[in-house]
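# Structural description and commentary
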Amino acid sequence: LYCNQACTHCHVESSPLRKEETMSANVAARCLELLQNTPTIDTLDLTGGAPELNEQFRFLVKMARQWAIENERKLTIIDRCNLTVLLEPNQE
């Protein structure tokens, strides 16, 4: 649950110190598999910490969006961004 901030109000207690608790490539692939095999899922809601700082974030969003378009499936992708993460390096 890595995040670039450590807010006292954070409901998942994310912080810059929580670097070990991040989504792996295997978990991202499993999320995509579940999305593809569960017709009732219409929302991919990404939270963290700062989900954009996870190495799998762009892959997961890109593949989920691509799959939804190719399969003509409505999919809402929510990125629960803290906005300050957009000022971090490589987040442009």
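The structure reproduced in this document is the subject of the present report. (Residues numbered from 1 in each chain as written. Predicted model: local features only at pLDDT ≥ 70, side-chain atom pairs only at ≥ 80, totals over all residues. Heavy atoms only, no water.)

### Concerning the state of the cysteines
This structure, assessed with the given rule, holds zero disulfides. Considering cysteine sulfurs only, Cys3 is the nearest to Cys7, which forms no disulfide, with 6.2 Å between them. What makes Cys7 partly exposed here is its relative accessible area of 30%. Here Cys81 stays free of any disulfide, with the sulfur of Cys3 as its closest cysteine sulfur at 9.2 Å. (Disulfide = S-S within 2.5 Å. Buried < 20%, exposed > 50% of the residue type's maximum accessible area, 1.4 Å probe, protein only.)

### Topic: helix α2 (residues 57–70)
In a regular helix each residue adds 1.5 Å, so 14 residues correspond to 20 Å; α2 covers 20 Å between its end C-alpha atoms and thus fits that length. Of the residues making up α2, those classed as buried are Phe57, Leu60, Ala64, Trp67 and Ala68. In a view along the axis of α2, the buried residues occupy a sector of 120°, so they form one face of it. What points out from α2, more than 90 degrees from its buried face, is the exposed set Lys62, Ile69 and Glu70. In the core, the buried residues of α2 are packed alongside α1 (25–37), β1 (43–46) and β2 (76–79). Positive backbone phi, approximately 50°, marks Glu72, located one or two places after α2. (Helix = DSSP H or I, 4+ residues; strand = E, 2+ residues; numbered from the N terminus. Expected span 1.5 Å × (residues − 1). Arc of directions from axis to C-beta. Contact = heavy atoms within 4.5 Å.)

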